[in-house]
Amino acid sequence: MPSLVQLGARPKQPPRRPGPEACLPVSLDEARERGWEQLDIVLVNGDAYVDHPTFGIPLIGRLLASRGFKVGVVSQPRWDEASGLADFAACGRPRLFFGVSSGNMDSMVNHYTAGKKRRSSDAYTPDAAPGRRPDYASAVYARRLKKLFPDVPLVLGGVEASLRRLAHYDYWSDRVRHSILVDCPADILVYGMGEQPILEIAARLAAGEDICGLTDVRGTAVKFRNDAQEGWRHLAGARDREEIRLPSYEQIVADKRVYAEFSRLYHLEHNPDNARILIQEHGRDLVYVNPPAPPPSTGLTDEEYELPFTRLPHPMYGEAKIPAWEQIRFSVTIMRGCAAGCSFCCITEHQGRDVVSRSEASVLREIESLKNVPGWTGVVSDIGGATANMWHMVCTDEAWHARCRRASCVYPSVCEKFGTDHGPLIQLMRKARELPGVKRAFVASGIRYDVAFADEKHGDEYIRELVANHVGGHLKIAPEHISPGVVKVMKKPAKEMFVRFKELFEKYSVDSGKEQYLVPYFISGHPGCEVKDMVELSDYLAENGWRPQQVQDFTPTPMTLATDMYYSGFHPNSGKPVHIPKDADEKAMQRALLQPHLPQYRELARSARRIAGASAPPRRKVPRPGRAPAPSDSFES
């Protein structure tokens, strides 16, 4: 029997939008309203201030505040001399240090396309306005801050710092650049997700230590003055880890084979259990990289994501739209890090290879709390992370892990020691969608189907559960390529695994009575990929009736294995030459072969087929389904 409606009852009011007092202060005036005459820490950020746990600076800021530190945030400061650098001084002189990040992306990736053309929008800025941060933002911010406050310690962090902690090839300037520590006046660099190093730095500075003495913090890098007598050793102190001397900056600039060897060496040192200290000379300077910080515990990770975030942009932005926030506002992060180590991906280099997961109870509590966020409609846009189906998947043998130096737990095959049980994840997904007020709970993050296949007990059940209940019409999947030689260089699963997953996806969609579609993502121009490989991929797409709407030309980002191949021309692991599509004509042909159906690419795609000696494109082999619904980023059912 339906419940009776009480006459005169007031309709339920939507959650009230919180004011500035619910966020960290963005000015000294706001700090003084809280009774603080001086802040302990000021975090300078290249993104707009969105108080959501998927944004790095707010997450670090909230964590520091939970430990009793008075923290302020300066977002997207004007850096030109005409501004008088007033934005950098908005929160005054901090008692302990300035923290600097370019934002959730490397500023050059944020600004430029793979073709080095300036982007017309910035998803991390109000109303997507471009130009609100400088190129190489972290270094620029550091220089401006040191000009204003030369005696205040300065800590670099975030993605840009992580990927540029050593000498690196920079695609946008087409040269090998110094470590960012050499190019800017930072006192210490935090790499990785950074919560444990930053808490240690804050605590030790608060206890009265000098920033010059913080040379032994795990997950950090520092710069010393290089000299033949190694006078810097008294600052470094005694260590319990072996050191490895990387080829110097001058050596890797002079010889690309040496650069490839440099890449091989530093890619071995990612395991916190056995990573060695890295030392690299840059002329008169020496960069000293401590081993990675151990992954945070589940308890600490739970604590971080359950801090009192408003999950909203700061009220100072009014009604402006921030696209990056619009996309993730009702997403829930369940894990970080990725054990895959794909050649082109920087997730492992920043978040780490060890998967860090939250507890089931913490995830469910966060989903339940979404009802208090303005705009909530009952739809969780994503239950995921770097790789959605690696939740709580770690090495099952601690002694083995202590010795392991594999760059990937899943390539060339899933390691027998890597736990692949999807059973707990299936239970989490079921509980999430059964919570009161939850209409749908989608998985929009990437998944590794090879990891699901490795789980003989629950892998098939996971795929069935995913397809039947957690796909919003389209499932984005990233095979990246299907040619054997290319996926080997990429360190991605073979074509046969993608075909198997596609068949299961289609079967379970039919079984659940749903019209659903895979949206596969592919890369052109990747190291190791020739025109003939792109013809093979183009033919596969034609046979399956796929006409990709979004494709990606390979973009070399600092510190990835594929970028090091792109620059050096050699595979760092084997030392053998690798084909690099650098010629503009070849890159254009590879790109055209991904979308030969578009008028602007037809003739170029035909030319590419002629050069590869390929015949006409094949006809579609699979039946054409009914009209597919347009892909949506709204995640509404």
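The residue numbering used here restarts from 1 in each chain and proceeds along that chain's sequence as written. In view of the model being predicted, local features appear only for residues whose pLDDT reaches at least 70, and side-chain atom pairs are presented and counted only at 80 or more, with totals across whole chains, interfaces and linings using the full set of residues. Excluding hydrogens and water, the side-chain values take into account all heavy atoms of the structure.

A.B. asks: It is not clear to me how the environment of leucine 286 should be interpreted in this structure. Could you clarify?
C.D. replies: Helical segments are the DSSP runs of H or I of at least four residues, strand segments are the runs of E of at least two, and each set is numbered from the N terminus. Among the structural elements, leucine 286 can be located in strand β11 (residues 285–289). Given the relative accessible area of 0%, leucine 286 is considered buried. Sequence spacing of leucine 286 and leucine 63 is 223 residues, and the spatial spacing of their C-alpha atoms is 32 Å. Here a residue-residue contact requires only that any non-hydrogen atoms of the pair lie within 4.5 Å. Apart from residues no more than four positions distant in its own chain, leucine 286 is found in contact with Val222, Lys223, Phe224, Asn226, Trp232, Arg245, Ile279, Gln280 and Glu281. Think of it in three bands: residues with accessible area under 20% of the maximum for their type are buried, residues over 50% are exposed, and the middle band is partly exposed, with areas taken using a 1.4 Å probe on protein chains only.

A.B. asks: Can you help me understand the packing of helix α10 (residues 256–266) against helix α22 (residues 561–568) in this one?
C.D. replies: Between the N-to-C directions of two axes lies an angle of 0 to 180 degrees, each axis being a line fitted to C-alpha atoms and, for a helix, fitted only over the stretch in contact. Viewed as axis vectors pointing N to C, α10 and α22 meet at an angle of 170°, and their least axial separation amounts to 9 Å. Between α10 and α22, the interaxial angle falls into the category roughly antiparallel. On α22, the residues that touch Lys256, Tyr259, Ala260, Ser263 and Tyr266 of α10 are Leu561, Asp564, Tyr567 and Ser568. When residue character is reported, Ala, Val, Leu, Ile, Met, Phe, Trp, Tyr, Cys and Pro are called nonpolar, Asp, Glu, Lys and Arg charged, and the others, Gly included, polar. In terms of residue class, the contact of α10 with α22 is built from 5 nonpolar, 2 polar and 2 charged. For classification purposes, an angle smaller than 35 degrees is called roughly parallel, one larger than 145 roughly antiparallel, one from 65 to 115 roughly perpendicular, and anything else oblique.

A.B. asks: How should the confidence of the model for the protein be read in this particular structure?
C.D. replies: Close reading of the predicted structure is inappropriate where its pLDDT is low. Of all residues in the protein, 95% have pLDDT values of 70 or greater, and the mean over the chain is 93. Residue-level confidence of the predictor is what pLDDT reports, using numbers from 0 through 100. Contacts for the low-pLDDT stretch residues 1–5, under 50 throughout, to residues beyond four places or in other chains number 0 contacts. Per-residue pLDDT stays below 50 along residues 626–637; that stretch engages in 20 contacts with residues further than four places along the chain or on separate chains.

A.B. asks: Help me out: how do you make sense of the packing of aromatic side chains in this one?
C.D. replies: Aromatic rings in a pair are described by how distant their centres are and how their planes are angled relative to each other. In this analysis, rings of Phe, Tyr and Trp, with Trp reduced to its six-membered ring, are considered paired at centre separations within 6.5 Å, and the interplanar angle assigns stacked below 30 degrees, edge-to-face beyond 60, and tilted for intermediate values. Per the stated rule, a full pass over the model turns up 21 aromatic pairs. Judged by centre distance (6.1 Å) and plane angle (40°), the ring pair of tyrosine 169 and tyrosine 566 falls under tilted. Within this pair, whereas tyrosine 169 is found in strand β5 (residues 168–170), its partner tyrosine 566 is found in helix α22, the two being separated by 397 residues in sequence. Of the two residues, tyrosine 169 and tyrosine 566, neither departs from the other in class, the shared state being buried. Consider the rings of phenylalanine 224 and tryptophan 232, whose centres lie 5.6 Å apart with planes at 15°: the pair is stacked. Residue classification places tryptophan 232 among the buried residues on the basis of a relative accessible area of 2%. Pairwise contacts between aromatic rings join Tyr169, Tyr171, Trp172, Tyr259, Phe262, Tyr266, Phe554, Tyr566 and Tyr567 into one cluster. We note arginine 177 situated over the ring of tyrosine 136; from NZ or CZ to the ring centre the distance is 4.2 Å. The rule for a charge over a ring is simple: NZ of Lys or CZ of Arg within 6 Å of the ring centre, and within 35 degrees of the ring normal. In this arrangement the basic side chain of arginine 464 is found over the ring face of tyrosine 508, its NZ or CZ atom lying 5.6 Å from the centre.

A.B. asks: How should I be thinking about the pairing of strand β3 (residues 97–101) in this particular structure?
C.D. replies: Looking along a regular strand, one sees side chains alternate from face to face of the sheet. Counting buried residues along β3, 5 of its 5 residues qualify, which places the element largely inside the surrounding structure. The two faces of β3 match: Phe97, Gly99 and Ser101 on one face and Phe98 and Val100 on the other face are all buried. Sheet analysis places strand β1 (residues 41–45) next to β3, joined by 5 bridges and oriented parallel. Looking at β3, one finds that isoleucine 41 is bridged to phenylalanine 97. DSSP-based pairing: two strands are paired if at least 2 bridges between them are found.

A.B. asks: Honestly, unusual backbone geometry in this entry has me stumped. Any pointers?
C.D. replies: Glycine aside, residues mostly have negative phi, and peptide bonds are mostly found in the trans state. Omega for the peptide link from tyrosine 411 to proline 412 comes to 5°, which places this bond in the cis form. Assignment of secondary structure puts proline 412 in the loop between α15 (398–403) and α16 (423–433).

A.B. asks: In this structure, what is going on with the nonpolar core? I would like to understand it.
C.D. replies: As a rule of thumb, nonpolar side chains are buried together in soluble globular proteins. One finds Leu156 and Met390 to be the most contacted residues of the largest nonpolar core, which totals 184 residues. Counting residues per element, this core draws most heavily on helix α21 (residues 531–543), at 6 residues. Aside from chain neighbours lying at most four places away, what touches leucine 156 is Val100, Ser138, Ala142, Ala161, Ile180, Cys184, Ala186, Ile188, Leu189 and Val190. Here, the term nonpolar core denotes a set of buried Ala, Val, Leu, Ile, Met, Phe, Trp, Tyr and Cys residues that are joined through side-chain atoms within 4.5 Å.

A.B. asks: Explain the pattern of salt bridges here, please?
C.D. replies: Should a side-chain nitrogen of Lys or Arg be within 4 Å of a carboxyl oxygen of Asp or Glu, the pair is scored as a salt bridge. By the definition in use, this model includes 46 salt bridges. For the salt bridge of aspartate 450 with arginine 448, the shortest nitrogen-to-oxygen distance reads 2.9 Å. Taken together, the shared-partner salt bridges connect Glu230, Arg233, Glu243, Arg245 and Glu281 into one network.

A.B. asks: What exactly am I supposed to notice about the packing of α16 against helix α18 (residues 459–469) here?
C.D. replies: For any two helices packed against each other, the geometry comes down to the angle between their axes and how far apart the axes lie. Remark: α16 packs on α18, axes separated minimally by 10 Å, with the N-to-C direction vectors making an angle of 20°. Between α16 and α18, the interaxial angle falls into the category roughly parallel. Every pair of crossing elements has a handedness; the one defined by α16 and α18 is left-handed. Judged by residue contacts, Leu425, Ile426, Met429, Arg430 and Arg433 of α16 engage Glu461, Tyr462, Glu465, Leu466 and Asn469 from α18. Handedness of a crossing follows from how the near helix is turned relative to the far one, being left-handed for an anticlockwise turn of less than a right angle and right-handed for a clockwise one.

A.B. asks: What is the right way to read the sheet that holds strand β18 (residues 517–524) from this model?
C.D. replies: Note on sheets: strands pair through backbone hydrogen bonds, and any given pair is parallel or antiparallel. The strand order across the open sheet built from 3 strands is β17-β18-β19, with neighbouring strands paired in parallel fashion. Each having just a single partner strand, β17 (474–480) and β19 (552–553) make up the two edges of the open sheet. Both β17 and β18 contribute to a ladder of 5 bridges, which runs parallel. Opposite lysine 476, over in β18, you have valine 519 as the bridge partner. Sheet strands touched by helix α23 (residues 584–594): β18 and β19. Its angle to β18, the strand with the most contacts, is close to 170°.

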